[in-house]
Amino acid sequence: MGNCCALLKSIMGFATEEEHDGRLPKQKKVKVVFVLGGPGSGKGTVCAKIVEQFGYSHLSSGELLRKEIKAGSEHGTMIQNMMNEGKLVPSDITVRLIQKAMQETDNDKFLLDGFPRDEENVRTFEKLTKIEPDFILFLDCPEEEMTKRLLSRNQGREDDNIETIKKRFRVFQESTLPLVNYYASKGKVRKVDAARPVEAVFESVKTIFSSANEQGA
Ligand code: AP5
Ligand code: MG
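Residues numbered from 1 in each chain as written. Chains lettered and ligands numbered in written order. Predicted model: local features only at pLDDT ≥ 70, side-chain atom pairs only at ≥ 80, totals over all residues. Heavy atoms only, no water.

Another aspect to go through is the overall build of the protein. Tallying secondary structure elements over the protein gives nine helices and five strands in all. Residue burial in the protein is summarised as follows: out of 217 residues, 43% are buried. Looking at the protein alone, contacts between residues at least 24 apart form 76% of all its contacts between residues at least 6 apart. (Helix = DSSP H or I, 4+ residues; strand = E, 2+ residues; numbered from the N terminus. Buried < 20%, exposed > 50% of the residue type's maximum accessible area, 1.4 Å probe, protein only. Contact = heavy atoms within 4.5 Å.)

Spelled out as structure tokens, the structure:
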């Protein structure tokens, strides 16, 4: 096994060619939509509806990280501390989890919810997967509304307290919004007014995904 393969394996937890009993690792041509929006903009809620109607698989980077904490992984404590501070977890950890989940899923259409959040996320993802998103679904919602939703969510999330929420907003403004603007300059962003009730938000989202289907995007 060459150094390059060894490195890839150690970073990504990949099986190498030899370990697939001579079979090549499964190569999939996949469609990916990045679903971005501030904390509490409704990413998880709308993704669940897109899954039902359009047959995508939903991968939330936040959920994958929370599972990693619950599973007691070697990075669990560090991930927990960073999430409690509203900080971004290192890209190689998040991308490895996403890529593993994609490989384990027998589907070719993915919603990446809450990913990417900064330029480093994008660089790591492109380098390791060579995947370019079809488009970016951006849920645009004022902080006041998002705060209200997060404080009444009641799902026991440790980061749903007002201090951490403020930090999450700041990270979104400083790291993720510039990324949304970058993709917008390339014509890749489909923006939705996410301050409306769920059904109204989903009506707009349906139009976007139906038109993407028609264009074979
Ligand atoms: P993550 O879990 O992704 O949290 P988030 O981005 O803060 O967003 P939420 O999951 O809180 O909200 P949501 O937009 O999914 O809204 P939801 O549908 O739940 O990330 C958590 C942390 O993990 C990050 O802070 C970071 O530390 C780390 N992390 C994650 N990704 C990372 C990455 N790529 N790189 C590095 N670190 C990463 O809705 C919220 C509430 O509002 C619900 O109660 C819902 O019922 C309600 N609601 C939804 N839509 C509506 C509506 N239209 N009207 C009224 N109520 C609504
Ligand atoms: Mg979510």
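Back to the write-up after that little detour.
On to the side chain of Asn-107. Relative to the elements of secondary structure, Asn-107 occurs in the loop between helix H5 (91–104) and strand E3 (109–113). Looking at Asn-107, the relative accessible area reads 19%, which means it is buried. For Asn-107, the side chain forms a polar contact with the main-chain oxygen of Gly-55, separated by 3.0 Å. (Polar contact = N/O pair within 3.5 Å; in protein donor to acceptor, adjacent residues only side chain to side chain.)

The residue Thr-164 is located in helix H8 (residues 162–185) in this model. On the basis of relative accessible area, Thr-164 is assigned to the buried category, the value being 5%. Beyond its immediate stretch of four places on either side in the chain, Thr-164 contacts Met-83, Asn-84, Glu-85, Gly-86 and Asp-159.

A few words now on the site of ligand 1. By nearness alone, 31 residues border ligand 1, and Thr-45, Ser-61, Lys-87, Arg-117 and Arg-168 come closest of all. A distance of 3.4 Å is found between an oxygen atom of ligand 1 and a backbone nitrogen or oxygen belonging to Ser-41. Contact between ligand 1 and Arg-153: an oxygen atom at 2.8 Å from a side-chain N or O atom of the residue. Protein chains shield 87% of the accessible area of ligand 1, which is 1000 Å² for the free molecule. Of all the elements in the fold, those that place two or more residues in the shell around ligand 1 are helix H2 (43–54), helix H3 (61–70), helix H7 (143–151) and helix H9 (198–214). Among the elements that make up the shell around ligand 1, the one with the highest residue count is H3 (four residues). Residues of the shell around ligand 1, tallied by class, amount to ten nonpolar, eleven polar and ten charged. (Near = heavy atom within 4 Å. Areas by Shrake-Rupley, 256 points an atom, 1.4 Å probe, with all protein chains shown as cover. Nonpolar A, V, L, I, M, F, W, Y, C, P; charged D, E, K, R; others polar.)

So, about the packing of aromatic side chains. Describing an aromatic ring pair means giving the distance of the ring centres and the angle of the ring planes. Taken as a whole and assessed by the stated rule, the structure comprises eight aromatic pairs. Measuring from ring centre to ring centre gives 5.9 Å for Phe-34 and Phe-125, while their planes differ by 70 degrees; the resulting arrangement is edge-to-face. Of this pair, Phe-34 sits in strand E1 (residues 31–37) while Phe-125 sits in helix H6 (residues 119–129), placing them 91 residues apart in sequence. We classify Phe-34 as buried; its relative accessible area is 2%. On the accessibility criterion, Phe-125 (2% relative accessible area) is buried. (Phe/Tyr/Trp six-rings, centres within 6.5 Å; stacked < 30°, edge-to-face > 60°.)

Another aspect to go through is the UniProt feature "binding site: ATP" (unreviewed entry) in the protein. Listed under "binding site: ATP" (unreviewed entry) in the UniProt record, and renumbered for this structure, are Gly-40, Ser-41, Gly-42, Lys-43, Gly-44, Thr-45, Arg-153 and Arg-196. Taking the annotated residues in turn, Lys-43 line the largest cavity. Assignment of secondary structure puts Arg-153 in the loop between H7 and H8. (UniProt positions renumbered as here; feature names shortened; annotations may be inferred. 1 Å grid on protein atoms, 1.4 Å probe; cavity = no way out; pocket = protein on both sides within 12 Å on 5 of 7 lines; lining within 4 Å.)

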